[in-house]
Amino acid sequence: MVPMAKKTTFEDMIAKGSLKLREMSRLTTGNSDWLAASRKHGEEMLALLDTDNKALFKEEGE
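Residues numbered from 1 in each chain as written. Predicted model: local features only at pLDDT ≥ 70, side-chain atom pairs only at ≥ 80, totals over all residues. Heavy atoms only, no water.

Quick word on the environment of Lys54
Mapped onto the fold, Lys54 is located in helix H4 (residues 32-61). Lys54 gets classed as exposed once you look at its relative accessible area, which sits at 56%. Between the C-alpha atoms of Lys54 and Trp34, which are 20 residues apart in sequence, the distance is 30 Å. (Helix = DSSP H or I, 4+ residues; strand = E, 2+ residues; numbered from the N terminus. Buried < 20%, exposed > 50% of the residue type's maximum accessible area, 1.4 Å probe, protein only.)

And the structure:
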C-alpha cells in the first residue's frame with residue numbers, strides 16, 4: 001500500500017498514534033516536494049531492480 005493510501009485508511013489510528021507517527025503524517029500532508037521525491041525514489045528503485053534482474057537472468061543463460 002502506498003503511503004498516501006495508508007494515511008487515508010488509517011487516519012483515526014494515526015491521530016491516536018505515537019508522536020513520531022503523527023509528525024510523519026503532518027510532514028507529508030500537502031507537501032508536493034515530498035510526494036515528488038517519493039515517486040522519483042520509487043522509480044529509481046524499480047529501475048535498479050530491473051537492471052539487476054536483467055543481469056541475473058543474463059548470467060543464468062550463459
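Examining the pattern of salt bridges
Counted under the stated rule, the structure contains three salt bridges. Measuring nitrogen to oxygen at the nearest pair gives 2.5 Å for the salt bridge that ties Glu23 to Arg26. With Glu23 and Arg26 both in helix H3 (residues 19-28), this residue pair falls three residues apart, about one helical turn. We note a salt bridge from Glu44 to Lys40, for which the minimum N-O separation is 3.5 Å. With Glu44 and Lys40 both in helix H4 and four residues apart, this pair spans about one turn of that helix. (Salt bridge = Lys/Arg side-chain N within 4 Å of Asp/Glu carboxyl O.)

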